[in-house]
Amino acid sequence: MERLKKYTPYLVILCMLLGLCWLFPYTGDDWAWGSSIGIERLNTWFYNYNGRYLGNIMALIMTRSNLVKTVLMAVLLGICIWGIVKVGRNRLALPLTCFLLVFVPRLIFRQAVVWTAGFSNYVVSAALVMLYVVEAYPYLHETVNEDKWKISPVKIVAFPVLGFLSSLLMENMTIYGVVVSLVMVGYCLIRWKKLPLHLLTYSAGTIGGAIYMFSNLAYHSIQTGEDTYRTMASGTGGLLSRAWENYSTVIAPQLVQDSFVLNLALIAVLMLAFGSLRKEMNGACRMLCAGSIGLMLLYVSASLLTGQYLTSAHGEIMQRWEVLGTIVFLAALLVGSTVISVYGKRFWETLFVNCSWLCMLLPLLFVTPIGGRCLFSIYLFEILLAVELIGQCDLKEDSEGQRNLRRGLALAALGGMAFYYVIFLANYKTDRSRLAYIRRQVEKGQTEIRIRQYPYEDYLWCATPQTGSVWETRYKLYYHLPEEISLLPVAYSEE
């Protein structure tokens, strides 16, 4: 009975995710992966396409069955939630994680979660990495239970496979996997004078996977400039220019500026932790921590006040200042959380999380194209940072205040899920009805067919194929529609 009570929240979350993920329509590149184009890519084993072999296979599978897609999406998102809660070690972890995931920025959500082709790389990589984090995290604690040094043969065999597969999804996550696994091996040897064998075999798996990924000819084409769509900066000037462009146009607005709820949550947990540990700090650390929180508050306040000016004549100048403000915000977060962790006795855990999201972010500064989909794992680790910080607060778990906070976060998360159900139920109905309408018009011999846009297209990626575009060709191919017809998009309100 106790075990059932423990896992009941996860069963509820899984059921809600199953219902929501069923409503996500196939859009954009899903039409290619689910048609003969995807099979052609598979037949060449993705030659000169990319080295995301596992992600490509996941996309092929998920675009051919909505049921399979739904189950995989729900389970993998559930693993992301479970992983954060598992390492968080406090009762606020689950409601806080669900609350912050529900309020993920829309541009990240629609590309990484809703879009099947995006999910197959970006969320899958986050989930597989989270499995490693759950296993590696106990070695970061002040003490390690003796049973953690007794590694089962199953883990020794399974972890190199996990490491290898984790390296066949997202390039920045491949680099992260290699770096973090090697660092963890060195850390365990230096700090504990012991080495968990499964972490070593995982590291070997990530290295093998990285070699296999980057041996794909596509990366040679990118490096030499033959690939004009995917590019990589070179030279000091080029690197700096690309880094600023990528950060100011994608990373700053979509990861920091749009993450208003997460920003407030990080400030709140830092303030709570600072209040709990302030008396133990020396003067310099107290000033550093208070200054960091002050700068973060200043950024959030300034971004609200300056938002109204971004469309004015001085909009470009204001945008540059806000981008610089995001850099200050992230730097203050790093400093404040590090100071807190020293006195909260969770220095290594916090350092691991901060270095993780930084390592995931840095490669994105120098390549194109990037989008909100690339930022999902970073957002997830910032949630983990919030959970880690809340664990360093002096909060009584059985107090009325914390019980009310848990209830409030859970209710807010449920409210957010209800909002998503409204959005995607309307989109799902439109998706079904417009396809049925197209088929009826084809039966009547019509060659120019009006296709209704979704009521909430802002929550979808490349949702409606434009006339004469490659997306129109792929849409017709995916749904086995005649090549000669033309699809004419019309606004939802015009139907």
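Just so you know, these numbers come straight off a predicted model, no measurement behind them.

A. Inspection of the overall build of the protein at higher detail. Counting its secondary structure elements, the protein contains 20 helices and four strands. Here the C-alpha atoms of the protein give a radius of gyration of 24 Å, agreeing with the 23 Å that 2.2 N^0.38 yields for 495 residues. Counting only C-alpha atoms and orienting by the principal axes, one finds that the protein spans roughly 80 × 60 × 55 Å. For the protein, buried positions account for 52% of its 495 residues. Summed over all atoms, the accessible surface of the protein reaches about 22300 Å², with 65% contributed by carbon and sulfur. When the 41 basic and 33 acidic side-chain charges of the protein are each reduced to a single mean position, those positions are 7 Å apart.

B. Structural context of the pattern of salt bridges. Under the definition given, this model contains eleven salt bridges. Two residues, Arg89 and Glu349, come together in a salt bridge whose shortest N-O distance is 3.7 Å. With Arg89 in the loop between helix H5 (66-88) and helix H6 (93-102) and Glu349 in helix H17 (residues 347-361), this residue pair connects regions lying 260 residues apart in the sequence. One salt-bridge network, held together by shared partners, links Asp29, Arg41 and Arg474.

C. Examining the pairing of strand E3 (residues 448-452) more closely. Bridging between E3 and strand E4 (residues 486-490) involves five bridges; their strand directions are parallel. Of the residues in E4, the one forming a bridge with Ile451 is Pro489. In this fold, E3 hands off to helix H20 (residues 470-478), which returns the chain to E4; that crossover is right-handed.

D. Region of interest: H17. If you check H17, its first and last C-alpha atoms are 21 Å apart, about what 15 residues at 1.5 Å a residue would give, namely 21 Å. Those residues of H17 that fall on the buried side of the exposure criterion are Glu349, Thr350, Phe352, Val353, Asn354, Ser356, Trp357, Cys359, Met360 and Leu361.

E. Inspection of the packing of H5 against helix H8 (residues 116-136) at higher detail. Contact pair H5 / H8: the axes reach a minimum separation of 9 Å and the direction vectors enclose 35°. H5 and H8 meet at a crossing whose hand is left-handed. For the pair H5 and H8, contact is made by Lys69, Leu72, Met73, Leu76, Leu77, Ile79, Cys80, Trp82, Gly83, Ile84, Lys86 and Val87 and by Thr116, Phe119, Val123, Val124, Ala126, Ala127, Met130, Leu131, Val133 and Val134, respectively. For the contact of H5 with H8, a count of residues per class yields 18 nonpolar, two polar and two charged.

F. Structural view of unusual backbone geometry. Following Thr368, the chain continues into Pro369 via a peptide bond in cis, with omega recorded as -5°. Looking at the secondary structure, you find Pro369 in the loop between strand E2 (367-368) and helix H18 (376-390). The phi dihedral of Phe46 falls on the positive side, at around 60°, and the residue is not glycine. With respect to the secondary-structure elements, Phe46 resides in the loop between helix H3 (36-43) and helix H4 (53-62). Phe46 sits in the buried class, given a relative accessible area of 0%.

G. Seen up close, the environment of Pro160. Mapping Pro160 onto the fold places it in helix H9 (residues 153-166). Linking Pro160 and Leu199, residues 39 residues apart in sequence, is a C-alpha distance of 8.4 Å. Discounting residues that sit within four places of it in the chain, Pro160 has contacts with Lys155, Thr201, Tyr202 and Gly205.

H. Quick peek at the nonpolar core. Core analysis: the largest hydrophobic core is formed by 139 residues, its most contacted members being Tyr176, Met184, Phe352, Phe376, Phe381 and Phe424. In terms of residue count, the dominant contributor to this core is H8 (14 residues). Setting aside anything within four residues of it in sequence, one finds Phe376 in contact with Leu77, Cys80, Leu101, Ile108, Ala112, Val113, Tyr122, Val123 and Ala126. With twelve residues, the next largest nonpolar core counts Leu435, Ile438, Ile451 and Tyr475 among its residues.

I. Inspection of empty space enclosed by the protein at higher detail. Evaluated as defined, the whole model comprises one cavity of 30 Å³ or more. Reported here for the largest cavity is a volume of approximately 40 Å³. Lining the largest cavity we find Tyr122, Ser125, Met170, Asn172, Met173, Arg373, Cys374, Phe376 and Ser377. Class assignment of the residues belonging to the lining of the largest cavity gives a composition of five nonpolar, three polar and one charged.

Each value, and the rule that gives it
- Residues numbered from 1 in each chain as written.
- Predicted model: local features only at pLDDT ≥ 70, side-chain atom pairs only at ≥ 80, totals over all residues.
- Heavy atoms only, no water.
- Helix = DSSP H or I, 4+ residues; strand = E, 2+ residues; numbered from the N terminus.
- Rg over C-alpha atoms; globule rule 2.2 N^0.38 Å.
- Buried < 20%, exposed > 50% of the residue type's maximum accessible area, 1.4 Å probe, protein only.
- Areas by Shrake-Rupley, 256 points an atom, 1.4 Å probe, with all protein chains shown as cover.
- Lys, Arg positive; Asp, Glu negative; His and termini not counted.
- Charge placed at Lys NZ, Arg CZ, Asp CG, Glu CD.
- Salt bridge = Lys/Arg side-chain N within 4 Å of Asp/Glu carboxyl O.
- Pairing = 2+ DSSP bridges.
- Right-handed = clockwise from strand over helix to strand, strands pointing away.
- Expected span 1.5 Å × (residues − 1).
- Axes fitted to C-alpha atoms, helices over the stretch in contact; angles between N-to-C directions.
- Left-handed = near helix turned anticlockwise from the far one by under 90°.
- Contact = heavy atoms within 4.5 Å.
- Nonpolar A, V, L, I, M, F, W, Y, C, P; charged D, E, K, R; others polar.
- Core = buried A, V, L, I, M, F, W, Y, C linked by side-chain atoms within 4.5 Å.
- 1 Å grid on protein atoms, 1.4 Å probe; cavity = no way out; pocket = protein on both sides within 12 Å on 5 of 7 lines; lining within 4 Å.
- Points joined across faces, edges and corners; volume = space filled by probe spheres on them.

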